[in-house]
Amino acid sequence: MKTVVIRTFGDPGGMEVVDVPAPVPAPGQVRIATEAIGVGGVDAVIRRGTLAAYGFREGHVLGSEVAGRVAAVGEGVDTSWIGRRVWAFTGLSGGYAEQAVAAVEDVLALPDDLIGADAVTLGGSGVVAHFALERARFTPGETVLVRGAAGSIGITAVQLAANRGASAVAVTASSVDRGARLRDLGATHVLDRTGEGGPDTPLGFDVVIDVVGGPQLPLFLDKLNPNGRFVAVGVVGGQPPADFGMRLMDAFRKSLSFATFSSDTVPGPERQSVRSSQFADAAHGDLRTVVHEVLPLDQAALAHHRMDAGEVFGRIVLAP
């Protein structure tokens, strides 16, 4: 089968398509013939070598979520899974392949009306957006800023905040066109990448959900209202300055809070419950997914080039 491996970390040119034997599901696993593979921000961070300290090595197969049909099951797994259309979390590896394995507890049957591309656009990102707002203790009537809203996490966070009664949902965007598309999804104010907006932009925000990180993160800490909560859910723009915490200490009397959030800290059954609900909402049209483009699996490097260039609105999906 075809799969995509990292021969050298850094530029997308270090990715290569190779032929390898199909994986054999271990006990408790299923093997999925993939029809859609999500290309996420964490894939780009791993490919650049940013997370080398976590044990990623050359030969790594990117990809954490796939959709397709179960082709085989390992020992101890109910054979009724075979033939079912599913979404699956494969961990932080193994997704960029014609067939992938996943633990059965990380597999979820798909509604008939939800296509695979939509499932891998929402499956991982929707859960992050949901629980990030919970971590921020968001309540109706508060103001929310989503930084990095053009990706699948941000797009879902904008919709959830708007649907749950935010008095304002601001976003950062790199162009007028992207700002207009985010307004169509529920944003009420559009800021540039440095956080500057029009005269009607709220002076501060109760909640900031940040997908970007990077050197400009402290600027957005400054935008928190008293008792404001900042939740970092990604670092697609790189790590923040080592001394960014001084910004919080300088604003000591505002009682600000900063938190990181990874869905790894949410118990699996809770993640799957939220995911199942979101899949149903998407199938009914109550939650919108944005698929930027569907590319063949052997064009994974092109997908990464487009992410690095900031061209992607929503999520690119690979199809074997």
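Just above, that's the structure.
One numbering rule holds for all chains: residues counted from 1, following each sequence as written. Only residues with pLDDT of at least 70 get local features here, since the model is predicted, and only at 80 or more are side-chain atom pairs given and counted; chain-wide, interface and lining totals rely on the full set of residues. In computing side-chain properties, one takes all heavy atoms of the structure into account and sets aside hydrogens as well as water.

Enquirer: Account for the nonpolar core, with residues named and values stated.
Expert: Most often, soluble globular proteins keep nonpolar side chains buried together rather than apart. Leu182, Ile209, Val233, Phe261 and Phe279 are the most contacted members of the largest nonpolar core, which totals 49 residues. In this description a helix means any DSSP run of H or I spanning at least four residues, a strand means any run of E spanning at least two, and both kinds are numbered starting from the N terminus. Taken together, the elements giving at least two residues each to this core come down to α2 (116-135), β8 (143-147), α3 (152-163), β9 (168-172), β11 (205-210) and α7 (268-284). A total of 10 residues in this core trace back to one element, the largest contributor, which is α2. By definition in these notes, contact holds between two residues if any of their heavy atoms fall within 4.5 Å. Beyond its immediate sequence surroundings of up to four residues, Ile209 is in contact with Ala132, Leu133, Ala136, Leu145, Val146, Arg147, Val231 and Val233. Membership of the second largest hydrophobic core comes to 32 residues, among which are Val4, Leu51, Ala88 and Leu295. We call a set of buried residues a nonpolar core when its members are Ala, Val, Leu, Ile, Met, Phe, Trp, Tyr or Cys and they connect through side-chain atoms within 4.5 Å of each other. Accessibility here uses a 1.4 Å probe with only protein chains present; expressed as a share of the type maximum, an area under 20% marks a residue as buried, one over 50% as exposed, and anything in between as partly exposed.

Enquirer: Would you mind going over the packing of aromatic side chains in detail, with residue names and values included?
Expert: Stacked, tilted and edge-to-face are the three classes assigned to paired rings of Phe, Tyr and Trp, where Trp is represented by its six-membered ring and a pair needs centres within 6.5 Å; plane angles under 30 degrees give stacked, over 60 edge-to-face, the rest tilted. In total, this model carries 3 aromatic pairs according to the counting rule given. A centroid spacing of 6.3 Å and a plane angle of 65° characterise the contact between Trp87 and Phe279, whose relative ring orientation is edge-to-face. With a gap of 192 residues between them, Trp87 in strand β5 (residues 85-89) and Phe279 in helix α7 connect regions that are remote in the sequence. Taken as a pair, Trp87 and Phe279 share a single burial class, namely buried. Aromatic side chains Phe244 and Phe258 sit 4.9 Å apart centroid to centroid with 55° between the ring planes, which places their arrangement in the tilted category. Placement of the pair is Phe244 in the loop between β12 (224-232) and α6 (245-250) and Phe258 in strand β13 (residues 257-260), with a sequence separation of 14 residues. Phe244 gets classed as buried once you look at its relative accessible area, which sits at 18%. Under the relative-accessibility criterion, Phe258 is labelled partly exposed at 26%. One aromatic cluster in this structure is built from Phe230, Phe244 and Phe258.

Enquirer: So what's going on with the sheet that holds strand β10 (residues 189-191)? Residues and values would help.
Expert: Pairing between strands is defined by DSSP: at least two bridges between them are needed. Strand order in the open sheet formed by 6 strands is β10-β9-β8-β11-β12-β13, and the pairing between neighbours is parallel. Each edge of the open sheet carries a strand with a single partner, namely β10 and β13. Recorded for the sheet is a direction-independent mean angle of 20° between the axes of neighbouring strands. Pairing between β9 and β10: 3 bridges, direction parallel. Within β10, the residue paired with Thr172 across the bridge is Leu191. Here the axes come from fitting lines to C-alpha atoms, over the contacting stretch only for helices, and the angles between their N-to-C directions go from 0 to 180 degrees.

Enquirer: Provide a residue-level description of helix α8 (residues 300-308), including the pertinent values.
Expert: Taken together, the buried positions of α8 are Ala300, Ala303 and His304. Take α8 and look down its axis: the buried residues cluster within an arc of 95°, on one side only. Turning to α8, the residues buried within the fold contact β1 (2-6), β2 (15-19), β3 (29-39), α1 (41-47), β14 (291-296) and β15 (315-319). Directly beyond the C-terminal end of α8, a positive phi value near 75° is found at Gly310. Picture the helix axis, draw a direction to every C-beta atom, and the arc is the one those directions span.

Enquirer: How would you explain the side chain of Asp106 if you had to name every residue and give the values?
Expert: One can find Asp106 in the loop between β6 (99-103) and β7 (107-109). Classification of Asp106 by relative accessible area gives buried; the value is 19%. Setting aside chain neighbours within four positions, we find Asp106 in contact with Trp87, Ala88, Phe89, Arg271 and Gln272.

Enquirer: Requested: an account of empty space enclosed by the protein, with residues and values cited.
Expert: Only protein atoms enter the calculation, which uses a 1 Å grid: trapped sets of points that fit a 1.4 Å probe without letting it out are cavities, open sets showing protein on both sides within 12 Å along at least five of seven lines are pockets, and any residue with an atom within 4 Å of a point is a lining residue. Grid points are joined across faces, edges and corners, and a volume is the space filled by probe spheres set on the points. Inspection of every chain in the model, using the stated rule, returns 1 cavity of 30 Å³ or more. Of the pockets and cavities examined, the largest cavity occupies roughly 50 Å³. As for the largest cavity, its lining consists of Thr121, Leu122, Ser125, Ser152, Ile155, Thr156, Arg288, Thr289, Val290 and Gly314. Mapped onto the lining of the largest cavity, the elements with two or more residues apiece are α2 and α3. Following the grouping adopted for this structure description, the nonpolar residues are Ala, Val, Leu, Ile, Met, Phe, Trp, Tyr, Cys and Pro, the charged ones are Asp, Glu, Lys and Arg, and the polar ones are all others, Gly among them. Classifying every residue of the lining of the largest cavity by side-chain character gives 3 nonpolar, 6 polar and 1 charged.

Enquirer: Explain the pattern of salt bridges to me, and be specific about the residues and the numbers.
Expert: The salt bridge definition used is simple: a Lys or Arg side-chain nitrogen within 4 Å of an Asp or Glu carboxyl oxygen. For the coordinates displayed, the defined rule picks out 12 salt bridges. Linking Arg288 and Asp184 is a salt bridge whose minimum nitrogen-to-oxygen distance equals 2.8 Å. Residue Arg288 is located in the loop between α7 and β14, and its partner Asp184 is located in helix α4 (residues 176-184); the two are separated by 104 residues in the primary sequence. Accessibility expressed as a relative area gives 39% for Arg288, which makes it partly exposed. Among the salt bridges present, the one from Glu311 reaches Arg306, with a minimum N-O distance of 4.0 Å.

Enquirer: Describe the packing of α2 against α7, with residues and values.
Expert: Their axes nearest at 9 Å, the elements α2 and α7 cross at an angle of 120°. In terms of orientation, α2 lies oblique with respect to α7. As for the relative orientation of α2 and α7, their crossing is right-handed in sense. Here Ala119, Leu122, Gly123, Gly124, Gly126, Val127, His130 and Phe131 of α2 come into contact with α7, specifically with Glu270, Arg271, Val274, Arg275, Gln278, Phe279 and Ala282. Small angles under 35 degrees read as roughly parallel and large ones over 145 as roughly antiparallel, with 65 to 115 read as roughly perpendicular and the rest as oblique. Handedness of a helix crossing follows the sense of rotation of the near helix relative to the far helix, less than a right angle counterclockwise being left-handed and clockwise being right-handed.

Enquirer: Give a detailed account of the pairing of β3, specifying residues and quantitative values.
Expert: Of all 11 residues that make up β3, 8 are buried, and the element is covered over most of its length. Alignment of β3 against β6, held across 5 bridges, turns out to be antiparallel. For Gln29, the partnering residue across the bridge sits in β6 and is Ala103. In this structure, β3 lies alongside strand β4 (residues 65-73), joined through 7 bridges in antiparallel fashion. Paired with Val30 across the bridge in β4 is Val73. Here 3 bridges tie β3 to β15, and the two strands are oriented antiparallel to one another. Within β15, the residue paired with Val39 across the bridge is Ile316.

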